[in-house]
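Chain by chain, the residues:
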Amino acid sequence: MTVEEKKPDRSPSEATMIEIKNVSKWYGSFQVLTDCSTVIHKGEVVVVCGPSGSGKSTLIKTVNALEPFQKGDIVVNGVSIGDPKTNLPKMRSHVGMVFQNFELFPHLSVTENLTLAQIKVLGRSADEAKTRGLKMLDRVGLMVHKDKFPGQLSGGQQQRVAIARALSMDPIVMLFDEPTSALDPEMVGEVLDVMVLLAKEGMTMMVVTHEMGFAKRVAHRVIFMDHGFIVEDDSKEAFFANPRSERAQQFLTKILHH
Amino acid sequence: MGNWDWQVFCKNTIDGEVMPRCFGSGGDITYLQWMLSAWGWTISVSLLALVVAVVVGSLMGILRTTPSKTLILIGNAWTELFRNIPLLVQIFLWYHVIPSLFLPLQKVPSFLLVVLALGFFTSARIAEQVKAGIESLSKGQRYAGLAIGLTLPQTYRFVLLPMAFRIVIPPLTSESMNIIKNSSVAFAVSISELTMFAMQAQEETSRGIEIYLAVSLLYFVSAFAVNRVALFIENRVQVPGMIGGGK
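Residues numbered from 1 in each chain as written. Chains lettered and ligands numbered in written order. Predicted model: local features only at pLDDT ≥ 70, side-chain atom pairs only at ≥ 80, totals over all residues. Heavy atoms only, no water.

Chemist: What should I look at first to understand the overall build of chain A in this one?
Modeler: Along chain A, the regular secondary structure elements total nine helices and ten strands. Here chain A has a C-alpha radius of gyration of 18 Å; the compact-globule value for 258 residues is 18 Å, and the two agree. On the principal axes, the C-alpha backbone points of chain A span a range of 50 × 45 × 35 Å. Scored against the burial criterion, the 258 residues of chain A give a buried share of 60%. (Helix = DSSP H or I, 4+ residues; strand = E, 2+ residues; numbered from the N terminus. Rg over C-alpha atoms; globule rule 2.2 N^0.38 Å. Buried < 20%, exposed > 50% of the residue type's maximum accessible area, 1.4 Å probe, protein only.)

Chemist: Quick question: what am I supposed to make of the interface of chain B and chain A here?
Modeler: Size of an interface: often given as the accessible area lost when the parts come together. With 23 residues of chain B at the contact, the number on the chain A side is 24 residues. Summing both sides of the interface, chain B and chain A together bury roughly 2000 Å²; the carbon and sulfur share of this comes to 69%. The largest share of the area that chain B buries against chain A comes from Tyr 143, Ala 147 and Ile 148 of chain B, three residues that together contribute 31% of it. Joining chain B to chain A, the criterion identifies zero salt bridges. Among the elements of the structure, helix H5 (139–147) and helix H6 (152–182) of chain B are those that each provide at least two residues to the side of chain B that touches chain A. Here the element with the most residues in the side of chain B that touches chain A is H5 of chain B; it accounts for eight residues. Of the residues assigned to the side of chain B that touches chain A, the class counts are 13 nonpolar, eight polar and two charged. (Contact = heavy atoms within 4.5 Å. Buried area = accessible area lost by both parts, 1.4 Å probe. Salt bridge = Lys/Arg side-chain N within 4 Å of Asp/Glu carboxyl O. Nonpolar A, V, L, I, M, F, W, Y, C, P; charged D, E, K, R; others polar.)

Chemist: In this structure, what is going on with the packing of helix H1 (residues 31–63) of chain B against H6 of chain B? I would like to understand it.
Modeler: Angle between the axes and distance between the axes: these two values describe a pair of packed helices. Residues and elements named next belong to chain B. Relative orientation of the contacting elements H1 and H6 amounts to 145°, with a least axis distance of 11 Å. Crossing of H1 over H6 shows right-handed handedness. Contacts between H1 and H6 involve Thr 42, Ser 46, Ala 49, Leu 50, Ala 53, Ser 58 and Ile 62 on the former and, on the latter, Tyr 156, Leu 161, Phe 165, Ser 176, Ile 179 and Ile 180. Residues belonging to the contact of H1 with H6 are distributed by class as follows: nine nonpolar, four polar and no charged. (Axes fitted to C-alpha atoms, helices over the stretch in contact; angles between N-to-C directions. Left-handed = near helix turned anticlockwise from the far one by under 90°.)

Chemist: How should the environment of Arg 92 of chain A be read in this particular structure?
Modeler: Along the chain, Arg 92 of chain A turns up in helix H2 (residues 88–93). Taking C-alpha positions, Arg 92 of chain A is 19 Å from Glu 44 of chain A, a pair spaced 48 residues apart along the chain. Not counting the four nearest positions on each side in its chain, Arg 92 of chain A is found in contact with Asn 64, Ala 65 and Leu 66 of chain A together with Leu 146, Ala 147 and Gly 149 of chain B.

Chemist: When you look at the state of the cysteines in this model, what are you seeing that I'm missing?
Modeler: Cysteine pairs can be linked by a disulfide, which is a covalent bond between their two sulfur atoms. Enumeration over the complete set of coordinates arrives at one disulfide over all chains. Residue Cys 10 of chain B pairs covalently with Cys 22 of chain B via a disulfide, S to S 1.7 Å. As the torsion about the S-S bond is roughly -80°, the Cys 10 of chain B-Cys 22 of chain B disulfide counts as left-handed. With Cys 10 of chain B in the segment before H1 and Cys 22 of chain B in the segment before H1, the pair connects residues that are twelve residues apart, well separated along the chain. For Cys 22 of chain B, a relative accessible area of 13% gives the class buried. Considering cysteine sulfurs only, Cys 49 of chain A is the nearest to Cys 36 of chain A, which forms no disulfide, with 14 Å between them. By relative accessible area, Cys 36 of chain A is classed as buried at 0%. (Disulfide = S-S within 2.5 Å.)

Chemist: How do you make sense of the side chain of Ser 58 of chain B when you look at a structure like this?
Modeler: All names here are of chain B. The residue Ser 58 is located in helix H1 in this model. On the basis of relative accessible area, Ser 58 is assigned to the buried category, the value being 8%. Sequence-distant contacts of Ser 58, defined by excluding residues within four places in its chain, comprise Ala 53, Ile 126, Val 130 and Phe 165.

Here you go:
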């Protein structure tokens, strides 16, 4: 298997947002990522897919240094993750992340979830943070729930709050780690709608997902991973029309035909 | 039953005369007064030890969940050291052995040594519970705190600990009640707390039944009060929509 380095045919901008350079990662002696490289440009929406255990969730977690890696480097907006001098909290505050299991803070109200990091990390005043947070909450259509606690919301609502929480920090890029995998089927749509909206506004997004419909609608590029390798890295059109590797062909057949 | 003599508590501790209104005057005290003062010592030892135990125990428990191998080692060593030696032996160690190794400690009153001994002993148990509480939270909570830009200490302060402490309130309640009951070992180094009072007053008055019943009642009331306070706190910090907290 070779690492594809082909640049997308129609990248929204030539400016680089994330550069993943030959990243390898081991858990003990087990290699979970092998020599992964790709570039995500400003304004680009990149979908990462692949069978479970392929390393896609691990890869996205290395981008904001939630998971360490042993070889290679990742540069986010000019900041090297591998450099020990890098101020990781500061870097992460510009990188929004949405998790499979939402991970709202259960002891805080929706509003407090939205304002906590704005106040503690960005140093915004409580009023400023609240105004910004509620604006984002309104965008995901959940203003009526501002005083509820996460445990009182449905999964889909929690995930939309989680997106609003990330957006409240004015991120320059958004990472989504299987944002709809833990949702009941009827709630997937509401979360995808919010993500589509974001994509259309030009947000730079890296999205680990099995939702090929989403990929077809808004992705510029699709990365296919298997066994810790980036097997395909191609424009959406090329990937869906004509996946080159046999593994990706099989994956698409299975995921699209049922 | 007919032989019980509750008047024993109104007796003067010097000459055994029953005092009017049960309180001595002019420096004399009755057994009731002695017992109340002993109760005060029990409560003082317990509360101070509880403060030590919660502060040190939480710190050690937190250390054991950090990514740093050194900090984990410190937390583990602390926990193992203080939970594998019997409490009574630890009291004697603090009283007899440690002051002879660290001479400045010889000037420290035995009351404080007992507070440290009981506090550190209990801190090992609290460390274990706090660690379990933090580990019961999903790894995603830690990720979420860090991902939004919080530092690791901030993630603990604002994300992990508020939930972890809510989860460990029931075992912490048990520990707080245990500390009151365990404070009875302080008699071994002559702290004039309830158990010490009971032993001495029993000897002086030969009214062991009355004295031990009264002392038992005071222990019970104290521990029960801790339990009620904890329950009150537990209800106050309940999170709407959480398991067991739904309203």
